[in-house]
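Summary of structural features
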Amino acid sequence: MTLDFLGGLERTHMCGQLRAEDAGRHVVVMGWVNRRRDHGNLIFLDVRDRSGITQVVLDREISGEAHAKAEAARPEFVVAVVGTVRRREAGMDNPNMATGEVEVVATRLLLLNDARTPPFSPAEGAIANEEVRLKYRYLDLRREEMQRNFLLRHKVAQEIRGYLSGEGFLEIETPFMTRSTPEGARDYLVPSRVHPGSFYALPQSPQIFKQILMISGFDRYFQVARCFRDEDLRADRQPEFTQIDLEMTFPKQEAIFRVAEGFLRAAFGTAGVTIPTPFPQMTYDEAIRRYGIDKPDMRLPAMVDLSETLTPELRITLKIEQELPVLGFTIPRVGSLSGTQRRALVDEIRGIFGDCGLDFLDTARLRTNAEFVPLAEAIGAKLNAEQIVFGGENFTNDDLAIVVTPKLGTPERWNFDSQWIPKRVGALRLELAKKYADRHKLFEKTGTAADFRFLWVTDFPMYEWNEEHSRWDAAHHPFTSPHEEDITSGRLVSDKGRVRALAYDVVLNGTELGSGSIRIHRKDVQQEIFRSLGMTNEEAQSRFGFFLDALEYGTPPHGGIALGLDRIVMILAGATSLREVIAFPKTAKAIDLMVEAPAPVSETQTRELSLRIAHRP
RNA sequence: GGGGACGUAGCUCAGUUGGUUAGAGCGCUGCCCUGUCACGGCAGAGGUCGCGGGUUCGAGCCCCGUCGUCCCCGCCA
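Quick notes on the rules
One numbering rule holds for all chains: residues counted from 1, following each sequence as written. Throughout, the order in which chains and ligands are written sets their labels, letters from A for the former and numbers from 1 for the latter. Given that the model is predicted, a residue must reach a pLDDT of at least 70 before its local features are reported, and side-chain atom pairs must reach 80 or more before they are shown or counted; all residues, however, enter totals for whole chains, interfaces and linings. Calculated side-chain values reflect all of the structure's heavy atoms, with hydrogen atoms and water omitted. Only runs of H or I of at least four residues qualify as helices and only runs of E of at least two qualify as strands under DSSP, and these elements are numbered from the N terminus. Residue exposure (1.4 Å probe, protein chains only): buried if accessible area is under 20% of the type maximum, exposed if over 50%, otherwise partly exposed. Two strands pair under a simple rule: DSSP has to find at least two bridges between them. For every element, the axis is a line fit to its C-alpha atoms; helices are fit only across the contacting stretch, and the angle between N-to-C directions ranges from 0 to 180 degrees. Whether two residues are in contact is decided by their heavy atoms, any of which lying within 4.5 Å being enough. Residues are said to line a cavity or pocket when one of their atoms sits within 4 Å of a point; the points come from a 1 Å grid over protein atoms alone, cavities being sets where a 1.4 Å probe fits but cannot get out and pockets being open sets with protein on both sides within 12 Å along at least five of seven lines. Grid points are joined across faces, edges and corners, and a volume is the space filled by probe spheres set on the points. What marks off one domain from the next here is an automatic or database domain assignment.

1. Overview of unusual backbone geometry
Residue T277 is joined to P278 through a cis peptide bond whose omega torsion reads -5 degrees. Mapped onto the elements of the fold, P278 is located in the loop between α6 (253-270) and β11 (281-283). With an omega dihedral of 0 degrees, the bond running from A597 to P598 counts as a cis peptide bond. With a phi close to 50 degrees, N509 is a non-glycine residue in the positive phi region. On the basis of relative accessible area, N509 is assigned to the buried category, the value being 10%.

2. Details of the sheet that holds strand β2 (residues 42-49)
Taken together, five strands build a closed barrel; the order of strands is β1-β2-β3-β5-β4 and the barrel is mixed. The average undirected angle you get between the axes of adjacent strands in this sheet is 55 degrees. Bridging between strand β4 (residues 78-87) and strand β5 (residues 102-113) involves 10 bridges; their strand directions are antiparallel. Counterpart to V85 in the pairing with β5 is V104. This element, helix α1 (residues 64-72), spans β1 (26-38), β2, β3 (52-59) and β5 of the sheet and lies at about 65 degrees to β5.

3. A look at empty space enclosed by the protein
Per the counting criterion, the structure on display carries three cavities of 30 Å³ or more. In this model, the largest cavity occupies a volume close to 50 Å³. Secondary-structure elements contributing two or more residues to the lining of the largest cavity are α9 (339-353), β14 (358-362) and β15 (400-406).

4. Comments concerning the domain arrangement of chain A
Assigned domains of chain A: these are domain 1 (20-113), domain 2 (137-280 + 556-617) and domain 3 (300-442). Taking only C-alpha atoms into account, the centre of domain 2 sits 40 Å from that of domain 3.

This is how it looks when you write it as structure tokens:
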């Protein structure tokens, strides 16, 4: 088979573009052979490009030469078609394709390139396993679904750029090769050839640079910034990812919320979803208390504190600790469970709790004992009263009610960690919600704004107690400003556990989309924070001396936020893994299966970099 | 670092209690076909059962180890 050259031929139309009104037009389309249907003297080729698919007809009587070439064509061959658009005859339309009212009658067919039989067909909707998809990513990306995802990603990024630019933000690039920033994750390091033994670090975020841009007077900055973190992966975590990173001067927290809401609204608008703004807000304390997690999924009803429905006497009868909270929640519309299902559920929940001291009450079974009917009713009434948050629906017998009770003789740690019980119950709430997703259908997409429940979580704690090292760590990062009154009151020193940060997360359907804060703009406060984190002045000076210096030259109050672009697109695309919206992602072991990275390097390279490999596998 | 699931033809998967020559659909190759669009018909090719070791008369199946992919915890905003 001889291949044809493109020569002077130019494409006139995209495949997906042709419609009935194009009938009679002479066209040139180019693309890949999606499918071939050979009827002997008549061959149909479905030709595909980015825009879609169009049917090409090759009739031996019209052009024997083109027909002969079509006989040789196979899936994924690259072809150019010269021909005429024809309105299909009555009854031969294909309503399943956008171009189904027409076809291109070919007078010439050019085979521009052949193709090996692919390991899986980009024409198929069914997906090969991910290992194969990632190894042959170029074939995977030809699939319509992937083309759609990356078109969406492009549009979202364009909208955000446009919005922020319109709001006076300047897009400024910051370096990839820099020095370690204190985000808390492990750094990817780049050895320096010129400075043996020294390394650049790839940025975990452009944090310090964007703050310095505020000191530099740019007023408003943004960047579609690649960030790198050498930590273990998850479905929603890749070692390199993209953030919409922004910073502004003289902001109230609310000003930053309005900007983020604005660009999210623009981004979701491109997907045809009008999200309501402003988003609701909730403090970190309330999120833990009512949802047991700092990123509540607002599609599900909150937890309810049922402590008061249990009198001291009842607690004794039911062997429940007197002082500890009793929390309940409902999973809506689970429907009635059979005895077997209920027993399996009991075992499952007990298995999840293990021997940590938590147990739970089955309200349905409570009702079977006359003595406990009033309790069951009180619980039902309380759940009812609190379910206002869930669309005003009343609690019914179709809703699964779980009441978690701390048993007598509970572990001592609860006494000083007030978050332990709510977090544990909150985790169970999510687990059961996932288990019964098919029944309650609250996670199903309806195609409306109700699918996307945004939330601001505010007033995060400034410090977190690190059990392992017996010290206070920065909960966010050490450039986050505490509340002003926590500074003036001296709590920074006297009561670290109660210091609130001017830090906030934006949460969507239980996923953290982004995180930001008002920053420290005074050197004395910054030094105090470094000190309170156990950093000596010398240490602070050696790591962040340049930044402390910069703070001394007229630093305006400033703050910002960064949102994960990959996660935004993932949720909009209805995907459950970032790999569906990152063109060349890595596996759970951080490997690129296509290029086979990381890879060993030659002795020459390591010698040049003054490196020696201690252990070669 | 820990827990779980998976690994059989190019792809998706079946394979019973350990028992003869490991199957199906799709794809692929050849031939036939002028209205298909997941075209159809006939014929055919295609297997290191992830890899290594063990138990056994006999292993795709049981045991141990190892590698890879995915999910979760730890870790990570």
